[in-house]
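# Fold and contact review
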Amino acid sequence: MTSFQSELFPGSDDRRARNSVLEESLEAGRSHVVAAHPEVLTVDWKEHLAGFDFESARDLTDTIEWVIGSLSTGIVHMTHPGYMGLFNPHPTYPAECADRIAAAFNAQVCVYSHAPAAVEIEQHTIAMICARLGFSTPGGHFTSGGAEANETAVLCALTRACPEYGEKGVPAFSGSPTLYVSRESHLAWLKIAHAVGIGRKAVRLVETDGAGRLDPEALESELARDRDDGCVPVLVAGTAGTTNAGMIDPLLDIHSIARSANIWFHVDAAWAGALIAHPERARVLKGIEEADSVTIDAHKWFATTMGAGVFLTSQPRLLEEVFRVQASYMPESTPGTDLYVSSNLWSRRFVGLRLFLSLATVGWDGYAKMIDHGIALSDQLAEGLEAAGWQKLNASPAAVVCLLPPPGFLPVGKIVERLQENRRFWLSAAAYEGRAVLRACITNGRTNSEDIDELIHLLSSIGNDSG
Ligand SMILES: *Cc1c(COP(=O)(O)O)cnc(C)c1O
């Protein structure tokens, strides 16, 4: 008998012992998280890292402890209640559990026959989201994130507009293909245009309406001008939850323009798509049910761990056209159930389990309550600062506020610098309709109203201190 003994594959007893040590170290590491901002990495730390030359073996537990210690001070902490930054969440505990389970079995989700239970769990979750959106034909899959989901939308749009695109590429079009998003959209669109071969200049950044939303009249005139110039418009995407200000584009107007122009209508709801969990607040997404495709990130307001997006489409047949492939070594493929022939990835992690477990644990209503909490805290922050002379400029129906300091205060950039020195709160500088604002996005489920009071107090003192 030849057997292989290695610390890479410890036995059950050994694993259990290590698991409990790992659990202890993680809890200790988490309790050391005292600030949202990282400490500067020291020369000693970098030397320690360089010492891992991989020539000699090291004890796993020691290395794990070093890594956890490093992370507890060496990264921006989205788990800290003072993190009010970009759309990164404090992950849900069920999502953390899901990551662990996915890792333990390492299900290969790319072919149905390899992981029927996992694929069914993912597809069930997708179908439930589609039902929530109001799609009559559910379709879609989990992605690595919003950027991949948006790219999938562009590939579908190009293929729908010109079925030959798949074989011949852009030259199959009668003119340059173009796509339309607002200038407040997420600029992953530029990278996507580059990657799919239509070029960055194909992205039309349509004017906004003075309130951070795509201006439908500007969209119509850009479309008309491009058509006159011989371009071939293929897609318009409305953003639901702009990055700077959490604004929702006029989806119904965009839908009717897309229909008369006969182009693909996508809704990029990467962040604010989570509002579908909340029946009243979801009304601001009216029009999303008409979309050909929708992006929602599980790892944003649904607060799963990082690397979990969702692409949803009411036209799943196009996915099979875009991602078709035949490989002799793969099991016979069934489009629609075998994800490697209907999505961008090949090998696939069981990513959807994170959202499934979270939704199963608290239901849509549990998420609705989390959303209410974030919006209530955003209102508290805005009202508290308005009472001190600040001005809230954006009217987002979600949990992002863009705040203009009172006259005589430090400029926004300086305020953000002071916050960084203080390390307790992470907020960003942003631009809203051409003005510099302090931006706060409150989606951390563990931030509370005392944190907000403390932030208001801190902002008043640093903002006033012009020294
Ligand atoms: C975050 C975001 C993206 C990009 O998504 P990733 O998950 O970071 O790839 C695209 N669009 C919008 C509106 C976003 O908020």
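The structure we're discussing is the one just above.
On a predicted model such as this, the values are computed, not experimentally measured, just so you know. (Residues numbered from 1 in each chain as written. Predicted model: local features only at pLDDT ≥ 70, side-chain atom pairs only at ≥ 80, totals over all residues. Heavy atoms only, no water.)

### Thoughts on the sheet that holds strand S4 (residues 232-239)
Spatial ordering of the open sheet is given by S1-S7-S6-S5-S4-S2-S3, a layout of 7 strands whose pairing is mixed. Only two strands of the sheet have a single partner each, and these edge strands are strand S1 (140-143) and strand S3 (203-206). Averaged over all neighbouring strand pairs, the angle between strand axes comes to 20°, with direction disregarded. Note that strand S5 (residues 264-268) and strand S6 (residues 293-297) share 3 bridges and pair parallel. (Pairing = 2+ DSSP bridges. Helix = DSSP H or I, 4+ residues; strand = E, 2+ residues; numbered from the N terminus. Axes fitted to C-alpha atoms, helices over the stretch in contact; angles between N-to-C directions.)

### Considerations on the side chain of Asp 297
Following the sequence through the fold, Asp 297 ends up in strand S6. Polar side-chain contacts of Asp 297 include one of 3.2 Å to the side chain of His 299. (Polar contact = N/O pair within 3.5 Å; in protein donor to acceptor, adjacent residues only side chain to side chain.)

### Things to note about the side chain of Ser 428
Relative to the elements of secondary structure, Ser 428 occurs in strand S10 (residues 428-432). Residue class for Ser 428 comes out buried when judged on its relative accessible area of 9%. Setting aside residues up to four positions removed in sequence, Ser 428 forms contacts with Leu 86, Val 416, Val 437, Leu 438 and Arg 439. (Buried < 20%, exposed > 50% of the residue type's maximum accessible area, 1.4 Å probe, protein only. Contact = heavy atoms within 4.5 Å.)

### Here's the deal with the pattern of salt bridges
The full count for this structure, using the stated rule, is 24 salt bridges. As a salt-bridge pair, Asp 99 and Arg 354 come within 2.9 Å of each other at their nearest N and O atoms. Of this pair, Asp 99 sits in helix H4 (residues 93-105) while Arg 354 is found in helix H12 (residues 353-387), placing the two residues 255 residues apart along the sequence. Here Asp 99 matches Arg 354 in class, with each residue buried. Between Arg 183 and Glu 433 there is a salt bridge, with the nearest N and O atoms lying 3.5 Å from each other. (Salt bridge = Lys/Arg side-chain N within 4 Å of Asp/Glu carboxyl O.)

### Details of the sheet that holds strand S11 (residues 435-441)
Spatial strand order, S8-S9-S11-S10: 4 strands in an open sheet with antiparallel pairing. The open sheet terminates on both sides in strands that have one partner only, identified here as strand S8 (391-392) and S10. Bridging between strand S9 (residues 400-404) and S11 involves 4 bridges; their strand directions are antiparallel. By the bridge assignment for S11, Val 401 is matched with Ala 440. In the packing of H12 onto the sheet, the strands contacted are S8, S9 and S11, and the crossing angle to S9 comes to about 10°.

### Considerations on the site of the ligand
Within the structure, the ligand sits among 13 residues, and Gly 146, Asp 268, Asp 297, His 299 and Lys 300 are positioned closest to it. Here an oxygen atom of the ligand sits 2.8 Å away from a polar atom, N or O, in the main chain of Gly 146. Taking Asp 268, its side chain carries an N or O atom lying 2.6 Å from a nitrogen atom of the ligand. About the coverage of the ligand: the protein hides 84% of its 380 Å² of free accessible area. Take the shell around the ligand: its biggest share by element is 3 residues, from helix H6 (residues 146-161). (Near = heavy atom within 4 Å. Areas by Shrake-Rupley, 256 points an atom, 1.4 Å probe, with all protein chains shown as cover.)

### Remarks on the nonpolar core
Soluble globular proteins tend to bury their nonpolar side chains together. The biggest cluster of nonpolar side chains holds 54 residues, and the ones touching the most others in it are Val 294, Trp 301 and Leu 312. Element by element, the count of residues in this core is highest for H12, at 7 residues. Not counting residues up to four positions away in its chain, the partners in contact with Leu 312 are Ile 126, Ile 129, Cys 130, Leu 133, Phe 135, Gly 139, Gly 140, Asp 292, Ser 293, Val 294 and Ile 296. If you look at the next biggest cluster of nonpolar residues, it comprises 29 residues, including Ala 149, Ala 153, Trp 189 and Ala 193. (Core = buried A, V, L, I, M, F, W, Y, C linked by side-chain atoms within 4.5 Å.)

### Remarks on the pairing of S5
The element S5 is largely enclosed, with a buried count of 5 among its 5 residues. In S5, alternate side chains face the same way, and those of Trp 264, His 266 and Asp 268 on one face and Phe 265 and Val 267 on the other are all buried. When S4 meets S5, the two strands line up parallel, connected through 5 bridges. For Ala 237, the partnering residue across the bridge sits in S5 and is His 266.

### Observations concerning the environment of Tyr 329
Tracing the backbone shows Tyr 329 in the loop between helix H11 (316-322) and H12. Judged by relative accessible area, Tyr 329 falls into the exposed class, the value being 64%. Distance from Tyr 329 to Thr 61, taken between C-alpha atoms, is 39 Å for residues 268 residues apart in sequence.

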